[in-house]
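Close look at the chain arrangement
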Amino acid sequence: MTVPQTSARVPSPCISVCRIDEASGLCVGCLRTLDEIAAWGALDDAARRRVWQAIVLRRAKLSTTGDAPQTR
C-alpha cells in the first residue's frame with residue numbers, strides 16, 4: 001500500500017471491514033484510529049495523505065512485529 005500522489009484525489013482507506021481492535025485501538029480493515037475515521041470527511045488532501053502515511057507506517061510495523069489487529 002502506498003500513499004496517494006499529490007496530483008490525485010485522496011481516496012478513503014476504508015475497505016468495509018469496520019471493527020476496532022480493542023488492544024491497538026485501530027480498525028482491523030484500514031488501520032485508522034477512531035479519531036482519523038471520524039475526521040476523514042473534513043480533512044483536506046494534505047491531511048488525508050498524512051493519515052495514509054501513518055497507515056503505511058503502522059502496516060510496516062505490524063508486519064515486522066506480528067501484532068496485527070485481530071478480526072472478530
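Below you will find a few notes about this structure. (Residues numbered from 1 in each chain as written. Predicted model: local features only at pLDDT ≥ 70, side-chain atom pairs only at ≥ 80, totals over all residues. Heavy atoms only, no water.)

Here we come to the packing of aromatic side chains. For the coordinates displayed, the defined rule picks out zero aromatic pairs. Above the plane of the ring of Trp40 lies Arg32, whose end atom (NZ or CZ) is 5.3 Å from the centre. (Phe/Tyr/Trp six-rings, centres within 6.5 Å; stacked < 30°, edge-to-face > 60°. Lys NZ or Arg CZ within 6 Å of the ring centre and 35° of its normal.)

Applying the stated criterion across every chain, the model contains two salt bridges. The closest approach of N and O atoms between Arg9 and Asp45, which form a salt bridge, is 3.0 Å. Placement of Arg9 in the segment before helix 1 (34-39) and of Asp45 in helix 2 (residues 45-65) is noted, with a sequence separation of 36 residues between them. Residue Arg58 is joined to Glu36 by a salt bridge in which the shortest nitrogen-to-oxygen separation is 2.8 Å. On the criterion of sequence distance, the pair formed by Arg58 in helix 2 and Glu36 in helix 1 is long-range, its members being 22 residues apart. Given a relative accessible area of 15%, Glu36 falls into the buried group. (Salt bridge = Lys/Arg side-chain N within 4 Å of Asp/Glu carboxyl O. Helix = DSSP H or I, 4+ residues; strand = E, 2+ residues; numbered from the N terminus. Buried < 20%, exposed > 50% of the residue type's maximum accessible area, 1.4 Å probe, protein only.)

Taking 1.5 Å per residue as the helical rise, helix 2 with its 21 residues ought to reach 30 Å, and the 30 Å between its terminal C-alpha atoms agrees with that figure. All of the buried residues along helix 2 are Ala47, Arg48, Arg49, Val51, Trp52, Ile55 and Leu62. For helix 2, the secondary structure elements touched by its buried residues are helix 1. Within two residues after helix 2, Gly66 carries a phi angle of roughly 75 degrees, on the positive side. (Expected span 1.5 Å × (residues − 1). Contact = heavy atoms within 4.5 Å.)

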